[in-house]
Amino acid sequence: MRKCVEFLVLVLMLAISAACTGKSSSSRGSGDTVQIATVTVADTAHFAMKSGMKCNMTVTASIAYPENLGKTTEDLQTLFAQIVLEASDSTDFNTALKGYASSILNYEGDDTGDDAPDSDEEATFVTLKDNTLNYVRTIEIAPKFNKEGIITFCKFERIEKNGVETLSEHSYYNFDINAVKLIEVEDVFSADGIEEMNRLLRETLLQQNGVATEDELGTLGYYNLDNLTVTGNFFMNERGVTWSFKPNELAIMRVGEPQVFLGYEKLKDFLADNSPLKRF
């Protein structure tokens, strides 16, 4: 496999894109915990496949990241790189940031490798005008919540294949600034309450869709309700907690990404002793 990297762009921006946030800001605001900076990186690569077909892949990422936290800045940025940018423990923050787009291409390239495409992929290739597949992957990482010593980053990923969207999904990462750690489910909720919370998630999903039974949910495209459980893909605000589920995790693709919201009145009895939610 031959890979040729054509360009690498690194641009510092003052405004935070609003796809995950609905808000633009480049500095500490009223009640905010962490100051945010934003960088954009991009890279592209070409793959020659055994069949003689060609594959072009482009990655563009807008990355909002924490800065100016005094003594904890380096530790939080390192944790951000490892968790959100999926960098190795040995990769420093600046290297992970600048090389993020390239690291994705390297991963995708290794995954594709020199293997000949399967029959379905081969059929796709031969229908193209110049026997070329063009993949465009766009990533936006932006703050979703930034108060009370908690910051949540939303990672939005979109993949297009020859101009047609094939994937769109959101991932959420919650950080405790005081402890400089990723907030896990067990940090927020008592283990004794998880089963009841799972029941509340199912009950709320039924209500959100205006149906009374899980069979009725099935007619709407929900087919895997065993996955409707308390997971780490959630975000919080002053009103409560929202769990987000990926395409095909609970339902068919056309349903998109189901989200289930539980307010604090429903959650207050299930909080862990030192739950960050008790800060509100």
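To start, this report covers the structure provided alongside it. (Residues numbered from 1 in each chain as written. Predicted model: local features only at pLDDT ≥ 70, side-chain atom pairs only at ≥ 80, totals over all residues. Heavy atoms only, no water.)

**Structural notes on the packing of aromatic side chains**
For the record, the criterion: Any pair of Phe, Tyr and Trp rings, taking the six-membered ring for Trp, is counted once the centres come within 6.5 Å. Such a pair is stacked with planes under 30 degrees apart, edge-to-face with planes over 60 apart, and tilted for the rest. Under the scheme applied here, a residue whose accessible area is under 20% of the maximum for its type counts as buried, over 50% as exposed, and between as partly exposed, the area being computed with a 1.4 Å probe on protein chains only. When the NZ atom of lysine or the CZ atom of arginine is within 6 Å of a ring's centre and also within 35 degrees of its normal, the charge is said to sit over that ring.
Evaluated as defined, the whole model comprises eight aromatic pairs. Ring centres 6.1 Å apart and planes at 45° place the aromatic pair Phe 234 and Trp 243 in the tilted group. Like Phe 234, the residue Trp 243 is buried in the burial classification. Each residue in the set Phe 80, Phe 153 and Phe 175 is aromatic and connected to the rest through ring pairs, giving one cluster. Across from the ring centre of Phe 235, 4.9 Å away, lies the NZ or CZ of Lys 144, which sits over that ring. For the cation-ring pair, Arg 239 lies above Phe 261, with the distance from its terminal atom to the ring centre recorded as 4.5 Å.

**Side note on the pairing of strand E2 (residues 35–48)**
Note the following rule: Comment: elements are numbered from the N terminus, with helices defined as DSSP H or I runs of at least four residues and strands as E runs of at least two. Strand pairing is assigned whenever DSSP detects at least two bridges linking the two strands.
With twelve of its 14 residues buried, E2 lies for the most part within the structure. Examined bridge by bridge, E2 and strand E3 (residues 54–67) share 14 bridges and lie antiparallel to one another. Pairing of Thr 40 across the sheet is with Ser 62, part of E3. In sequence, E2 turns back onto E3 through a hairpin of five residues, with Gly 52 there showing a positive phi of about 95°.

**Points about the nonpolar core**
Going by this rule: We define a nonpolar core as any set of buried Ala, Val, Leu, Ile, Met, Phe, Trp, Tyr and Cys residues linked to one another through side-chain atoms lying within 4.5 Å. Every residue pair with non-hydrogen atoms within 4.5 Å of one another is taken to be in contact.
By size, the foremost hydrophobic cluster in this structure holds 38 residues, and its most contacted members are Ile 63, Phe 80, Leu 85, Tyr 100, Ile 141 and Phe 175. Elements represented by at least two residues in this core include exactly E2, E3, helix H1 (73–83), helix H2 (93–98), helix H3 (100–112), strand E4 (132–147), strand E5 (150–161) and strand E6 (164–176). Examining the composition of this core, we find that seven residues originate from one element, E3, more than from any other. Apart from the residues lying within four places of it in its own chain, the contact partners of Ile 141 are Ser 62, Ile 63, Ala 64, Phe 80, Val 84, Leu 85, Tyr 100, Phe 153, Cys 154 and Lys 155. Leu 205, Leu 217, Leu 228 and Trp 243 belong to the second largest nonpolar core, which has 31 residues in total.

Interpretation in functional terms is not warranted from these geometric data alone.
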